[in-house]
Amino acid sequence: MSKERNLDTAFFGQPRGLSTLFFTEMWERFSYYGMRAILLFYMYYAIKDGGLGINQTTAASIMSIYGSLVYLSGVVGGWLSDRVWGARRTVLIGGILIMFGHIALSLPFGIPALFASIALIVVGTGLLKPNVSEMVGGLYSPEDRRRDAGFSMFVFGINLGAAVAPWAVPAAASGFGLWHGNNFHAGFSLAAIGMFFALIQYVIGGRKYLSDASLYPQDPIEKSELNKVITRAVIGVVAIAIILALLAVLGQLSIANIINLITIIAIALPIYYFVIMLTSKKVTKTEKSRVVAYIPLFIAAAIFWGIEESGSVVLALFAEQRTVLHIGGWHFAAANFQTLNPLFIMILTPVFVTLWSKWKNQPSAPGKFAAGLVFAGLSYLFMALPALIHGTTAGRVSPFWLVGSWFIVEIGEMLVSPIGLSVTTRLAPKTYKSQMMSMWFMADAAGQAVNAQIVKFYSSSTEVPYFLAVGFVSVVFGIILMFMVKKIHGLMAGID
């Protein structure tokens, strides 16, 4: 089978199955980032302007906790693929749920449709995203040298969809210039159509070009073990239901308190995993040392993602309320700035790939993390400058402030994201490899969960202290991490 795969060069020298997964993920990211580009505005715009009229602070918190839930759900999606459904079926179910989530938003059913959509897309993305990546790896035999190039092409597809969506979906919401004002439901409809294209591509191409092994779970769960899992799941659901019931009885059942509950879970879950790994008899002394080394890197990643993921929240509000939305005669929407993240990733990735391949005495992983945190903090300190120079009451400022901030933080992402994925796999204890990979996604979840709390303090009038405080924390932690590099490297026990 591996020989046949090595001979398959139908997609730019790569296996034909890569085409299926490339376009599936491209369209899925198109739908997700397109929806995300306009969702915040849909939530807090007044009803007369086509929105839901939710308080802006609440809307910003919902956006952040939404992102946190997406990454938390990936833990469950990976487990269901490995133990129950197999990757191919898990991805299909996830894609269908995502499409129905976008359809829910495309219908004029108000706030109930919003929360139904969030639930469907959170679960669907958790099922789809980690398992599509796993299937890309399954296209190659261990000795196939095309693997890295294949993953690079796959990541390009992700960012291509994410870069196009913030232009296409907001344009659909404005009727491509055919009507005045916003019809957000039209934009969400285009996101749903994008996900439909992903499913069509996936089903047709999957039958022809994906390995039959992806139809089956890699580690099928035994019936006796399944009963334990079901029992634990029921206990968890009942515990959450009891907490919600108590809040209701006390008159405290509100969106804000539900967000607080999710924040606690997003922070407590990785702590639980660290405790389990550090106390497990299955983990050797050397492996425990590596887990300890991972803790400061995890905290650094959480801080970084809290800033990087703010593009669809804090920076989106800045774009809408404080930014000049034209350059000369070229006018654009606040949502269009969401394209900067994937655009800069596509531009910077080949630069950093070349840099790491040619830099002989490059910094270790902790050193790169430290530098990444400093860059993330600088991107926020940079955003404090417009108000410091012009004041917060001086009106709108140049769009190039946002462009510069995104460029700086994406340099940080080049130092944290790919390095973090690599070091996570290398520091993982042998018996906890999958759980350790989940930890990387939990760092993003924890960062966005904290964001859901601190974003409440952001407004146009508080932007200077907000950007300075968050940016300062990131820079200071980055500097502290620089002084800890030698100690962390020693705890990594032979891992560079």
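Calculation criteria
- Residues numbered from 1 in each chain as written.
- Predicted model: local features only at pLDDT ≥ 70, side-chain atom pairs only at ≥ 80, totals over all residues.
- Heavy atoms only, no water.
- Salt bridge = Lys/Arg side-chain N within 4 Å of Asp/Glu carboxyl O.
- Helix = DSSP H or I, 4+ residues; strand = E, 2+ residues; numbered from the N terminus.
- Buried < 20%, exposed > 50% of the residue type's maximum accessible area, 1.4 Å probe, protein only.
- Phe/Tyr/Trp six-rings, centres within 6.5 Å; stacked < 30°, edge-to-face > 60°.
- Lys NZ or Arg CZ within 6 Å of the ring centre and 35° of its normal.
- Axes fitted to C-alpha atoms, helices over the stretch in contact; angles between N-to-C directions.
- Parallel < 35°, antiparallel > 145°, perpendicular 65-115°, else oblique.
- Left-handed = near helix turned anticlockwise from the far one by under 90°.
- Contact = heavy atoms within 4.5 Å.
- 1 Å grid on protein atoms, 1.4 Å probe; cavity = no way out; pocket = protein on both sides within 12 Å on 5 of 7 lines; lining within 4 Å.
- Points joined across faces, edges and corners; volume = space filled by probe spheres on them.
- Nonpolar A, V, L, I, M, F, W, Y, C, P; charged D, E, K, R; others polar.
- pLDDT = per-residue confidence, 0-100.

Caption draft 1: The arrangement of the pattern of salt bridges in detail. In this structure the tally under the stated criterion is seven salt bridges. K48 is the salt-bridge partner of D49, the closest N and O atoms lying 3.5 Å from each other. In this structure, R88 engages D212 in a salt bridge whose closest nitrogen and oxygen atoms are separated by 4.0 Å. With a gap of 124 residues between them, R88 in helix α4 (residues 87–106) and D212 in the loop between α7 (184–209) and α8 (223–249) connect regions that are remote in the sequence. With relative accessibility at 54%, the residue D212 sits in the exposed group.

Caption draft 2: Focus on the packing of aromatic side chains. Summed over all chains, the structure comprises 34 aromatic pairs. Both rings, one in Y44 and one in Y45, keep their centres 5.5 Å apart while their planes meet at 85°; by these two values the pair is edge-to-face. Accessibility expressed as a relative area gives 14% for Y44, which makes it buried. Since its relative accessible area comes to 15%, Y45 is described here as buried. Ring pairing ties together the aromatic residues F41, Y42, Y44, Y45, F184 and F188, which thus form one cluster. The residue whose ring lies beneath R16 is Y209, and the NZ or CZ to ring-centre distance is 4.6 Å. Sitting over the face of the ring of W356, K368 holds its NZ or CZ atom 3.9 Å from the ring centroid.

Caption draft 3: Local environment of the environment of R207. Positionally, R207 belongs in helix α7. The class for R207 is exposed, based on a relative accessible area of 70%. C-alpha separation for the pair R207 and P112, spaced 95 residues apart in sequence, amounts to 37 Å.

Caption draft 4: Region of interest: the packing of helix α6 (residues 147–173) against α7. Orientation of α6 relative to α7, taken along the N-to-C sense of each, is 140°, at an axis distance of 6 Å. By the angle class used here, α6 and α7 are oblique. The two elements α6 and α7 meet at a crossing, and its hand is right-handed. Between α6 and α7, the residues in contact are A168, V169, A172 and A173 and F184, A186, G187, L190 and A191, respectively.

Caption draft 5: Expanded view of empty space enclosed by the protein. Summed over the entire model, instances satisfying the criterion amount to three cavities of 30 Å³ or more. Taken together, Y32, M35, R36, L39, M63, Y66, G67, S312 and Q448 make up the full set of residues lining the largest cavity. Per-element accounting of the lining of the largest cavity gives the leading share, four residues, to helix α2 (residues 16–44). When its residues are assigned to classes, the lining of the largest cavity shows five nonpolar, three polar and one charged.

Caption draft 6: Geometry of the packing of α2 against α4. Two elements in contact, α2 and α4, have axes separated by 11 Å at closest approach and are oriented at 30°. Here α2 lies roughly parallel to α4, going by the angle between them. Crossing hand, α2 versus α4: left-handed. Of the residues in α4, those in contact with E28, S31, Y32, M35, L39 and Y42 of α2 are I98, H102 and L105.

Caption draft 7: Representation of the environment of F332. In this structure, F332 sits in the loop between β2 (330–331) and α12 (340–358). Each C-alpha atom of the pair F332 and A171 lies 9.6 Å from the other, and the pair is 161 residues apart in sequence. With residues near it in sequence (within four places) discarded, F332 still touches W167, V324, L325, H326, I327, F337 and P399.

Caption draft 8: Focus on the confidence of the model for the protein. Per-residue confidence for the protein gives a mean pLDDT of 90, with 97% of residues at or over 70. Contacts for the low-pLDDT stretch residues 1–6, under 50 throughout, to residues beyond four places or in other chains number twelve contacts.

Caption draft 9: Layout of helix α11 (residues 314–322). Taken across its nine residues, α11 has eight buried, putting it largely inside the fold. Of the positions making up α11, those classed as buried are V314, L315, A316, L317, F318, A319, E320 and R322. On the buried face of α11, the contacting elements are α2, α3 (56–85), α13 (365–390), α14 (400–427) and α16 (463–491).

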